[in-house]
Amino acid sequence: MSDKNLRNIVIVGGGTAGWMAAATLGRFLKDSFCKVRLIEAEDIPTVGVGEATIPQIQVFNRTLGIDENEFIKRTQGTFKLGIEFVNWGKVGDSYIHAFGDVGNDMDSLQFYHYWWKMRQQGHADDIGAYSLNAVAAPLGKFMRSVDAGNSPLSKIVYAYQFDAGLYAQFLREYAGARGVSRTLAKIVETRLRASDGFIESVVLDNGEIVQGDLFIDCSGFQGLLIEKALNTGFEDWSHWLPCDRAWAVPCERTEPLLPYTRSTAHSAGWQWRIPLQHRTGNGHVFSSKFMGEDEAREILMANLSGKALAEPRLLKFSTGKRLKAWNKNCVAFGLSGGFIEPLESTSIHLVQSGIARLMSLFPNRDFNQHDIDLFNQQTDFEYERIRDFIILHYKATERSDSEFWNYCRTMSIPDSLKQKIDQFMENGQIHRTNMELFNDTSWLEVFHGQGMHPKSYHPLVDLVADDELKRRMAFIKNVIDKSVEAMPSQQEFIQHYCLA
Ligand code: FAD
């Protein structure tokens, strides 16, 4: 065994990020050369929101060996097939950004090139009609994929919606059972090593000095270690994503258990609705430059589908990321690393992918700078591409009914996004670069859903006769409709498979 191995890892913060990191390290380092300790302050609350996810979370849970039914039961969870966007392109419009495939690729060209030709000729329905998830979601239907040959039922793609507090508690038990120790105390000081500025220890309010080789900062927006102690710096993206506040409140669930999140645009932001088993999560994300806090609160409370179960809570945030997610012997996950508003439910995924990256570039006490640089490059790329996708939702709008929408519609955008839009608008081409998170189908659904349509389609589409294309379109739609008919409601599915 190398004498350079890490011996002590200290995680600061017991929110979703801290416990996700602790569970993973517990799973892989149990009974090893390295001890893991998590410190959280009882009187500094967690953010407590963060209830909707994307399908990659299944990989995280599976890596930990978590049983899906138990997870759904313990977190009051539901399944999520996509997000419905209401009033984004225009007031009155709605579309679903659904997970999973749209149509079937033909002759090695993506389905949507054929679809766009047929759509322009009036021979195809809206793109959502060719997505199993988009058809099933509003009908409240859900099932896990089954071995069903070429049927879309063999490849249903889904994520989860869950109670963030219960998820953190679940992971806490998991990590505790794998040797992660937990200390309830407030960190009052961070000490740096004089020789190189690495973090040496943190001092607790009970006087204890906790030393570590690696410190994982999950302390929330403030970035207790990465920013307050190491002054890493923050790249601010609020000129592209001006929302900087959210009111959040749970309410009684009055509608059936719907397998999707809804995002409804308002005049200076948008409202989420996340159906869980025991309640519905709601929040109004808004820009304080364009709307006062009281007005934003009123809008939220006037648009709940059931009785509020608590007083609304105001959360303030800045959109952007740390200049380095890994600085010296400190890695930041979650809100201390950066924040992109929850429009596409990406924050928990960013925690997950950061943890996976750390495990793959796991350091010893020499802290190889090349590995740290690579970690930061990959993190930056991932954040920037997600940022572009979120900006697209604001930029691709015809709304002119408020100062906020006028700003968003006319603002300048990052070059990387401009290039993507320009290419798409020309001939419908969308290309995923270097494992960026959102694939061409996601981009396509938002482009078309918000009224951005390309001038033309891929030239090779003309190799297939129009009659044949019409036949294939009708066939795919028919298979999807039949498949959805065969699906149970999510309510029945959860009752029968997860809670039984
Ligand atoms: P926090 O929850 O803030 O936890 C910080 C921890 O640090 C706490 O335990 C606190 O006690 C501890 N701490 C702080 N200071 C000290 C100290 N001095 N000493 C000891 N301990 C300390 N993500 C999604 O994926 N999907 C969503 O739908 C979603 N919705 C969101 C909506 C809003 C409005 C916001 C703001 C975020 C949302 N997120 C969402 C993001 C998600 O909530 C966070 O990514 C996630 O909760 C992780 O938070 P965290 O653990 O980094 O920080």
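Residues numbered from 1 in each chain as written. Predicted model: local features only at pLDDT ≥ 70, side-chain atom pairs only at ≥ 80, totals over all residues. Heavy atoms only, no water.

J.: Residues and numbers for the site of the ligand, please.
T.: For the ligand, the set of nearby residues contains 33 residues, the closest of which are I44, V47, A52, Q222 and I348. For the ligand, an oxygen atom lies 2.7 Å from a polar atom in the backbone of I44. For the ligand, the accessible surface in isolation is 1000 Å², of which the surrounding protein chains cover 97%. Counting only elements with at least two residues in the shell around the ligand, the list comes to α1 (16–29) and α9 (347–360). Split into classes, the residues belonging to the shell around the ligand amount to 18 nonpolar, 12 polar and 3 charged. (Near = heavy atom within 4 Å. Polar contact = N/O pair within 3.5 Å; in protein donor to acceptor, adjacent residues only side chain to side chain. Areas by Shrake-Rupley, 256 points an atom, 1.4 Å probe, with all protein chains shown as cover. Helix = DSSP H or I, 4+ residues; strand = E, 2+ residues; numbered from the N terminus. Nonpolar A, V, L, I, M, F, W, Y, C, P; charged D, E, K, R; others polar.)

J.: Now, about the packing of aromatic side chains: what can you tell me, with residues and values included?
T.: This model, assessed by the stated rule, comprises 34 aromatic pairs. With centroids separated by 5.5 Å and ring planes inclined at 85 degrees, the aromatic side chains of W88 and W405 adopt a geometry described as edge-to-face. Note that W88 is positioned in the loop between β4 (82–86) and β5 (94–98) and W405 in helix α11 (residues 403–410), a separation of 317 residues in sequence. For the pair shown, W88 and W405 are each scored as buried. (Phe/Tyr/Trp six-rings, centres within 6.5 Å; stacked < 30°, edge-to-face > 60°. Buried < 20%, exposed > 50% of the residue type's maximum accessible area, 1.4 Å probe, protein only.)

J.: Break down the nonpolar core for me, citing the residues and quoting the values.
T.: Formed by 147 residues in total, the largest nonpolar core has its most connected members in F333, L392 and Y394. Apart from residues lying up to four places away in sequence, F333 is in contact with A17, A21, I216, D217, C218, V351, G354, I355, L358 and F375. By size, the runner-up hydrophobic cluster in this structure holds 16 residues, among which are V10, V202, L225 and C330. (Core = buried A, V, L, I, M, F, W, Y, C linked by side-chain atoms within 4.5 Å. Contact = heavy atoms within 4.5 Å.)

J.: Lay out the sheet that holds strand β9 (residues 199–204) with the relevant residues and their values.
T.: Whenever strands of a sheet pair, they do so through backbone hydrogen bonds, lying parallel or antiparallel. The 3 strands lie next to each other as β8-β9-β10, forming an open sheet whose pairing is antiparallel. Two strands lie at the open edges of the sheet, namely β8 (187–192) and β10 (209–211), each paired on one side alone. With direction set aside, neighbouring strand axes in the sheet form an average angle of 25 degrees. (Pairing = 2+ DSSP bridges. Axes fitted to C-alpha atoms, helices over the stretch in contact; angles between N-to-C directions.)

J.: Which residues make up helix α13 (residues 440–449), and what are the values?
T.: In terms of residue burial, α13 counts as a mostly covered element, since 10 of its 10 residues are buried. Considered for burial, the residues of α13 that qualify are D440, T441, S442, W443, L444, E445, V446, F447, H448 and G449. Of the surrounding secondary structure, the elements contacted by the buried residues of α13 are β5, α4 (111–120), α10 (369–395) and α12 (415–427). For α13, the capping residue at the N-terminal end is N439, with a side-chain oxygen 3.2 Å from the backbone nitrogen of T441. Positive backbone phi, approximately 85 degrees, marks G451, located one or two places after α13.

J.: How would you explain the confidence of the model for the protein chain if you had to name every residue and give the values?
T.: Overall, the prediction assigns the protein chain a mean pLDDT of 96, with 100% of residues at 70 or greater. Scored as a whole, the predicted complex attains pTM 0.97, and scored at its interfaces, ipTM 0.99. (pLDDT = per-residue confidence, 0-100.)

J.: Lay out the side chain of S151 in plain terms, naming residues and giving numbers.
T.: You can see S151 is positioned in the loop between α5 (132–136) and β6 (159–161). A relative accessible area of 18% places S151 in the buried class. At 3.0 Å, the side chain of S151 forms a polar contact with the backbone nitrogen of L153.

J.: Give me the pairing of β5: which residues, what numbers.
T.: Of all the 5 residues making up β5, 4 are buried; the element is thus mostly covered by neighbouring parts of the structure. Here 5 bridges tie β4 to β5, and the two strands are oriented antiparallel to one another. Across the sheet, the residue bridging to V86 is S94, located in β5.

J.: Mind laying out the sheet that holds strand β20 (residues 330–332), listing which residues take part and the relevant values?
T.: One open sheet accounts for 6 strands, arranged β7-β2-β1-β11-β20-β19; its pairing is mixed. The outermost strands of the open sheet, each flanked by one partner alone, are β7 (181–184) and β19 (326–327). Judged from the 4 bridges that link them, strand β1 (residues 8–12) and strand β11 (residues 214–217) form a sheet pairing that is parallel. Paired with V12 across the strands is D217, a residue of β11.

J.: I'd love a proper account of unusual backbone geometry, names of residues and values included.
T.: Of note in this structure, D31 is not a glycine but carries a positive phi near 60 degrees. By the element assignment, D31 lies in the loop between α1 and β2 (35–40). Although it is not a glycine, N87 sits at a positive phi angle of roughly 70 degrees. Summarising the element assignment, N87 is placed in the loop between β4 and β5.

J.: So what's going on with the pattern of salt bridges? Which residues, and what values?
T.: All chains considered together, the criterion is met by 35 salt bridges. A salt bridge links D196 to R193, with the shortest nitrogen-to-oxygen separation between them at 2.6 Å. You can call D196 partly exposed: its relative accessible area is 29%. The class for R193 is partly exposed, based on a relative accessible area of 34%. In this structure, the salt-bridge partner of D388 is R387, at a minimum N-O distance of 3.0 Å. Here the two residues D388 and R387 agree in accessibility, since each one is buried. (Salt bridge = Lys/Arg side-chain N within 4 Å of Asp/Glu carboxyl O.)

J.: If you had to explain the side chain of T346 to someone new, which residues and values would you point to?
T.: Position of T346 among the secondary structure elements: in the loop between β21 (338–339) and α9. Excluding residues within four positions of it along the chain, T346 makes contact with I386, L437 and F438.

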